[in-house]
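This is what each chain is made of:
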Amino acid sequence: MYINGVSVPLTLLGLLEREPSHGYDLKRDYDTYFGRGKQLPFGQVYSTLGRLARDGKVAGGRAEPGEGPDRKRYSITDAGRAEVDAWLADPVEPEPHLQTILFAKVTLALMLGKPAAAYLDRQRSAHIRRMHQLTELRRDGALVDVLLADHALFHLEADLRWIDLTSARLAELAAVVNPEGAPKQ
Amino acid sequence: MTRAHLVEARDVAKSFGQTPALRGASVAIRAGEIFAVMGPSGSGKSTLLHCLAGIFAPDRGEVWFDGERLDTLGEAERTRLRRTAFGFVFQFGQLVPELTAADNVALPLLLNRVRRRVAYGTAETWLGRLGIGDKGANRTGELSGGEAQRVAVARALALAPKVIFADEPTGSLDSLTGEKVMDLLTALAREAGTTVVIVTHDARVAAYADRVVMVRDGLVSGDLGAVGEQVSAAKAGR
């Protein structure tokens, strides 16, 4: 269900919110934006779409004539849209090595014309709160705990730098993920 | 302004020539709170601190301190407040390098007409609390960066101010020394019930605060939350 720490079903749902698509198109866009050198197998695309359809988050149209394993065009349902919205708006649990998830969220938010800057602000807030907790723990902690807290603090600080830099580059990134201009709704 | 708020800026604007630094910033800081203002360089965060401390007069808006308008006071009255009610910790240049650490801490007290013996006794006490009691006779120009910054913190706290304004207080220090300075500044300020307003671009410094706001393009664009309250709630739930 996860590749590089990113939820495949949620990412496919996000891509479907952009526009109804065939499995092939979803795989191509997933590999382009989120694959990072690790392609999504066709089998996983179709099994994920099958589960999402079973759960009422996507609807598969009738099979269209033509070549290929699956000529169904999938579209997102209201339930699927609500799930994407909730996922994007909810800050990720601040912990080291979450850049891939944040990257996927920011990219999808920009593709969908959603408030990526506000999501990043919420994430920054979650990070600062976690850093405050760790700073408080350091205050009275044993040296071993202090060193462990320091390790986490340095990683969270690196995340924050990435969040700040990405916030400053949102317009640039929007132009990359929406090369034709305004995001499709 | 409610009495619970010791320091407040309301819709404060300030420009330098044609360049706007603040474009309507508002913050309200509670008594005893450790409050951090974050933002990238050029965002206006230092200008906000200078307006809150009465160093700059805003072009528009109001600044309140302890129930009175600060921005409408004359220069003499604002200077009096800065000498009696406010302490300052800056990144550089606040100490007189030719004077000893004890002289530097005692100086603001002497300017406030505190008797010499009392001023130097207070300086000795605070230098001791900052862990540099043995450096009182050293010229501050000969101290390390971390020691000099501890002298600056001692000087700010020795006045028993209501508010300490700290602008990038660890900006010139390495990580470990910076942490020691922040540990001491925040622990001693909490003990004394002193409000601290810290301006920083450094998230690790902001993480010491009870509450953090972001300043961008001259506006307070985000209140990152009452981190201290959430921590307390989390601890209570453990």
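1. Topic: the overall build of chain A
Argument step 1. Along chain A, the regular secondary structure elements total 8 helices and 5 strands.
Argument step 2. The order of α-helices and β-strands along chain A, N terminus first, is β-β-α-β-α-α-β-β-α-α-α-α-α.
Argument step 3. Residue burial in chain A is summarised as follows: out of 185 residues, 45% are buried.
Argument step 4. Partitioning the intrachain contacts of chain A with sequence separation of at least 6 by distance along the chain shows that 63% fall at a separation of at least 24.
Argument step 5. Of the accessible surface of chain A, which amounts to about 9300 Å², a share of 54% is contributed by carbon and sulfur atoms.

2. Topic: the sheet that holds strand β4 (residues 58-60) of chain A
All names here are of chain A.
Argument step 1. Read across the sheet, 3 strands follow the order β3-β5-β4 without closing on themselves; strand pairing throughout is antiparallel. Looking at which strands have only one partner, the edges of the open sheet turn out to be β3 (21-22) and β4.
Argument step 2. With 2 bridges connecting them, β3 and strand β5 (residues 73-76) associate as antiparallel partners. The partner of Ser21 across the bridge, within β5, is Tyr74.

3. Quick look at the domain arrangement of chain A
In many analyses, interface size is given as the accessible surface area lost on bringing the parts together.
All names here are of chain A.
Argument step 1. According to the domain assignment, chain A consists of domain 1 (1-89) and domain 2 (91-185).
Argument step 2. Each partner contributes residues to the interface: domain 1 has 18 residues there, and domain 2 has 18 residues.
Argument step 3. For the domain 1 and domain 2 pair, buried surface summed over both sides reaches about 1700 Å², with 69% attributable to carbon and sulfur atoms.
Argument step 4. Linking domain 1 with domain 2 are 2 salt bridges, by the criterion used here.

4. Structural notes on the environment of Val196(B)
All names here are of chain B.
Argument step 1. Here Val196 shows up in strand β8 (residues 195-200).
Argument step 2. A relative accessible area of 0% places Val196 in the buried class.
Argument step 3. Along the primary structure Val196 and Gly128 are separated by 68 residues, whereas in three dimensions their C-alpha atoms are 21 Å apart.
Argument step 4. For Val196, the contacting residues outside a window of four places in its chain are Glu33, Ile34, Phe35, Ile164 and Ala189.

5. Things to note about the packing of aromatic side chains
Argument step 1. All chains considered together, the criterion is met by 10 aromatic pairs over all chains.
Argument step 2. Their ring planes at 55° and their centres at 6.3 Å tell us that Tyr33(A) and Phe34(A) sit as a pair that is tilted. Note on accessibility: Tyr33(A) and Phe34(A) belong to one class, buried.
Argument step 3. Aromatic pair Phe88(B) and Phe165(B): ring centres 5.8 Å apart, planes at 25°, arrangement stacked. One end of the pair, Phe88(B), is in strand β6 (residues 86-89); the other, Phe165(B), is in strand β7 (residues 163-167), with 77 residues separating them in the sequence. The residues Phe88(B) and Phe165(B) share a single accessibility class, namely buried.
Argument step 4. One aromatic cluster is present, formed by Phe65(B), Phe86(B), Phe88(B), Phe90(B) and Phe165(B) through successive ring pairs.

6. Considering the pairing of strand β2 (residues 19-30) of chain B
Residues and elements named next belong to chain B.
Argument step 1. The pairing of strand β1 (residues 5-16) with β2 spans 9 bridges and is antiparallel. Residue Ala9 lies in a different strand from β2, and its bridge partner there is Val27.
Argument step 2. Taking the residues that link successive antiparallel strands as the turn, the β1-β2 hairpin has 2 residues, and the phi of Gly17 there is positive, at about 65°.

7. Some words on the pairing of β6(B)
Residue and element names in this part refer to chain B.
Argument step 1. Alternating residues of β6 divide into Phe86 and Phe88 and Gly87 and Val89, and every residue in both groups is buried.
Argument step 2. Pairing between β6 and β7: 4 bridges, direction parallel. Within the sheet, the bridge partner assigned to Val89 lies in β7 and is Ala166.

8. Section: the interface of chain B and chain A
Argument step 1. Counting residues at the interface gives 25 residues for chain B and 18 residues for chain A.
Argument step 2. Note on chain B versus chain A: buried area summed over both sides is about 1800 Å², and carbon and sulfur give 55% of it.
Argument step 3. Our enumeration of links across chain B and chain A arrives at 3 salt bridges.
Argument step 4. In this structure, Arg138(A) and Glu179(B) form a salt bridge, with 2.7 Å as the shortest nitrogen-oxygen distance.

9. Considerations on the packing of helix α1 (residues 8-18) of chain A against helix α2 (residues 23-33) of chain A
All names here are of chain A.
Argument step 1. Contact pair α1 / α2: the axes reach a minimum separation of 10 Å and the direction vectors enclose 110°. Judged by the angle between their axes, α1 and α2 are roughly perpendicular. Between α1 and α2 lies a crossing whose hand is right-handed. Note on element contacts: α2 touches α1 through Leu26, Asp29 and Tyr30, opposite Val8, Thr11, Leu12, Leu15, Leu16 and Arg18.

10. With respect to helix α3 (residues 42-54) of chain A
Residues and elements named next belong to chain A.
Argument step 1. Along its 13 residues, α3 runs 18 Å from first to last C-alpha, staying within 8% of the 18 Å computed at 1.5 Å per residue.
Argument step 2. Every buried residue of α3 is listed here: Val45, Tyr46, Thr48, Leu49 and Leu52. Along α3, the residues classed as buried sweep out an arc of 160° about the axis, all on the same side. Across from the buried face of α3, at angles greater than 90 degrees, the exposed residues are Gly43 and Arg54.
Argument step 3. In the core, the buried residues of α3 are packed alongside α1, α2, β4 and β5.
Argument step 4. Of the residues one or two after α3, Gly56 is the one with positive phi, at around 75°.

What counts, and where the lines are drawn
Residues numbered from 1 in each chain as written. Chains lettered and ligands numbered in written order. Predicted model: local features only at pLDDT ≥ 70, side-chain atom pairs only at ≥ 80, totals over all residues. Heavy atoms only, no water. Helix = DSSP H or I, 4+ residues; strand = E, 2+ residues; numbered from the N terminus. Buried < 20%, exposed > 50% of the residue type's maximum accessible area, 1.4 Å probe, protein only. Contact = heavy atoms within 4.5 Å. Areas by Shrake-Rupley, 256 points an atom, 1.4 Å probe, with all protein chains shown as cover. Pairing = 2+ DSSP bridges. Domains from an automatic or database assignment. Buried area = accessible area lost by both parts, 1.4 Å probe. Salt bridge = Lys/Arg side-chain N within 4 Å of Asp/Glu carboxyl O. Phe/Tyr/Trp six-rings, centres within 6.5 Å; stacked < 30°, edge-to-face > 60°. Axes fitted to C-alpha atoms, helices over the stretch in contact; angles between N-to-C directions. Parallel < 35°, antiparallel > 145°, perpendicular 65-115°, else oblique. Left-handed = near helix turned anticlockwise from the far one by under 90°. Expected span 1.5 Å × (residues − 1). Arc of directions from axis to C-beta.

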